[in-house]
Amino acid sequence: MRILVWLSGWVDSAVAAHLLIDQWHEVIAGFMKNYTDESNPNCHTRQDREVAREVAEFLWIKHFMTFDFVQEYRERIIQYIYDGYAAWLTPNPDVLCNNLVKFDLFLQEAIELWCDAVATGHYARIKKTELLPPVKGVKSGKADLGGLKLLKWTDHTKDQSYFLSGLDQQQLSKSLFPLWELEKSKVREIARDIWLPNADRKDSQWLCFIGKVPIKEFLSEALPIKHGDILDTDGEILWQHDGAHFLTIWQRTGLGLGWWPRYVISKNTDTNTVVVSKDEQTDLMHSSLIATHIHWTSWVAPTLPYTCHAKIRYRQADQECIVSTISNQAEPTPSPSEAVGRGLGWGGFGALKITFKNPQRAISPGQVVVLYNSDEVVGNGIIKESLTY
């Protein structure tokens, strides 16, 4: 196979490229330039590219290319972040970046280069399903093709399927995750054994366009300061905030309340006020949520109501839940943040209710909820609001 490998500059993608070469695939290396800020010392795009180039040369990969997606990244991802926070949501750009940049723009480049697939160093698995029986109403030749499952990685502490949950069947059919079932320690071991130049490079902990800059400072470039009151649950004014859009549900730092352990539990867009509580076990716990922009990753959408597991944030343990339709729910009108998804492949504008067996702490509107059937990613959606029993 002819494969375009995304060399990110980090050890995972380098080992992925090495494994594909060992399997006698024709490998082309590509680096994505998504953002650059010469004034930000924490922006490591240039350094990442140089490391990626060194890896390509070390592995004797003849073709190394840089794809400039700066404009598209600003339109699709950075603007999505600004619009989300402006709408008082807490968006998750990492999920969107995968299905709108890495497995969209990068995949298109691969197709134009006559590649059979793209490969990355993601920790997840893709598995072919068994052939499906004919389905009434589906044209012959489609239903019997079977589909692809996106599965968790074997080490669930490193699993990245949450961030890949927005991929569709076409994207999965053109994607490879060569690390497959390797432990992270084994990946490092392979890198050291073959003397990869980035074998001991520490994993990235920051988004390039933010680096170590506080999120408030980053957002201030596009969102204005808008002072308002911070209230307790009795309505008493405790302090003032600089803008509710800078704050997220369950946040406890940066509130200016000194040593008092207070948590943001709600934001009122009409009065520009933020309500905080010191009783997180009561005020931050919710039993269900409404999700919009529903995207089904699996080949066949499940029949509702559907019992499965869900995550409302990365690294959260799977939570048992029931997914159901919303009675008499009209097609929701997109908010400014939701409107960014139009035409970008995030998913539809339908809405579902997800009810958890156990109450969940700090459900944040704007974040992504991912549904799982055992290790399989079933689909995802954007959290619109949290509900109580």
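### So, the packing of aromatic side chains
Moving on, step 1. All told, the structure shown has seven aromatic pairs when counted by the stated rule.
Moving on, step 2. Between Phe103 and Phe177, the aromatic rings sit 6.2 Å apart at their centres with planes inclined by 90°, giving edge-to-face as the arrangement. Pair noted here: Phe103 is in the loop between α4 (93-102) and α5 (105-112) and Phe177 is in the loop between β7 (175-176) and α7 (184-193), with a separation of 74 residues, a long-range link. Across this residue pair, the class does not change: Phe103 and Phe177 are buried.
Moving on, step 3. With a centroid separation of 6.2 Å and an interplanar angle of 40°, the aromatic rings of Tyr162 and Tyr314 are classed as tilted. Taken together, the positions of Tyr162 in the loop between β6 (148-151) and α6 (169-173) and Tyr314 in the loop between β13 (306-311) and β14 (319-325) put the pair 152 residues apart, joining distant regions of the chain.

### Some details on the confidence of the model for the protein chain
Moving on, step 1. Residues at a pLDDT of 70 or more form 82% of the protein chain, whose mean pLDDT is 83.
Moving on, step 2. Below a pLDDT of 50 lies the segment residues 135-145, which in the model reaches 11 contacts outside its immediate sequence neighbourhood of four places, other chains included.
Moving on, step 3. Low pLDDT (under 50) marks residues 328-346, which in the prediction has 38 contacts with non-local residues, meaning those over four places away or in another chain.

### Some details on unusual backbone geometry
Moving on, step 1. For the bond running from Leu304 to Pro305, omega is 0°, close enough to zero to count as cis.
Moving on, step 2. When you line up the elements, Pro305 lands in the loop between β12 (285-296) and β13.
Moving on, step 3. For Trp60, which is not a glycine, the phi torsion comes out positive at approximately 60°.
Moving on, step 4. A relative accessible area of 78% places Trp60 in the exposed class.
Moving on, step 5. Non-glycine residue Trp114 carries a positive phi angle of around 60°.
Moving on, step 6. Among the secondary structure elements, Trp114 is positioned in the loop between α5 and β4 (117-119).

### Some words on the pattern of salt bridges
Moving on, step 1. Scanning all chains against the criterion turns up 14 salt bridges.
Moving on, step 2. For Lys152, the salt bridge is made with Asp318, and the minimal N-O distance between the two is 2.4 Å. With a gap of 166 residues between them, Lys152 in the loop between β6 and α6 and Asp318 in the loop between β13 and β14 connect regions that are remote in the sequence.
Moving on, step 3. What makes Asp318 partly exposed here is its relative accessible area of 27%.

### A look at the side chain of Gln367
Moving on, step 1. Counting through the fold element by element, Gln367 comes out in the loop between β15 (351-361) and β16 (368-373).
Moving on, step 2. A distance of 2.8 Å separates a polar side-chain atom of Gln367 from the backbone oxygen of Thr90.
Moving on, step 3. A distance of 3.4 Å separates a polar side-chain atom of Gln367 from the backbone oxygen of Pro91.
Moving on, step 4. Discounting residues that sit within four places of it in the chain, Gln367 has contacts with Thr90, Pro91, Asn92, Tyr162, Ile312, Gly381, Ile382 and Ile383.

### Comments concerning the sheet that holds strand β10 (residues 263-268)
Moving on, step 1. With mixed pairing, four strands are arranged side by side in an open sheet as β9-β8-β11-β10. Edge positions in the open sheet fall to β9 (237-241) and β10, since each of these has one partner strand only. Direction aside, the axes of adjacent strands within the sheet are offset by 30° on average.

### Digging into the environment of Ile312
Moving on, step 1. Secondary-structure assignment places Ile312 in the loop between β13 and β14.
Moving on, step 2. Considering only alpha carbons, one finds Ile312 and Asn380, 68 residues apart in sequence, at a separation of 9.8 Å.
Moving on, step 3. For Ile312, the contacting residues outside a window of four places in its chain are Tyr162, Leu289, Phe356, Gln360, Arg361, Ala362, Ile363, Gln367, Val368, Val369 and Ile383.

Rules behind the numbers
Residues numbered from 1 in each chain as written. Predicted model: local features only at pLDDT ≥ 70, side-chain atom pairs only at ≥ 80, totals over all residues. Heavy atoms only, no water. Phe/Tyr/Trp six-rings, centres within 6.5 Å; stacked < 30°, edge-to-face > 60°. Helix = DSSP H or I, 4+ residues; strand = E, 2+ residues; numbered from the N terminus. Buried < 20%, exposed > 50% of the residue type's maximum accessible area, 1.4 Å probe, protein only. pLDDT = per-residue confidence, 0-100. Contact = heavy atoms within 4.5 Å. Salt bridge = Lys/Arg side-chain N within 4 Å of Asp/Glu carboxyl O. Polar contact = N/O pair within 3.5 Å; in protein donor to acceptor, adjacent residues only side chain to side chain. Pairing = 2+ DSSP bridges. Axes fitted to C-alpha atoms, helices over the stretch in contact; angles between N-to-C directions.

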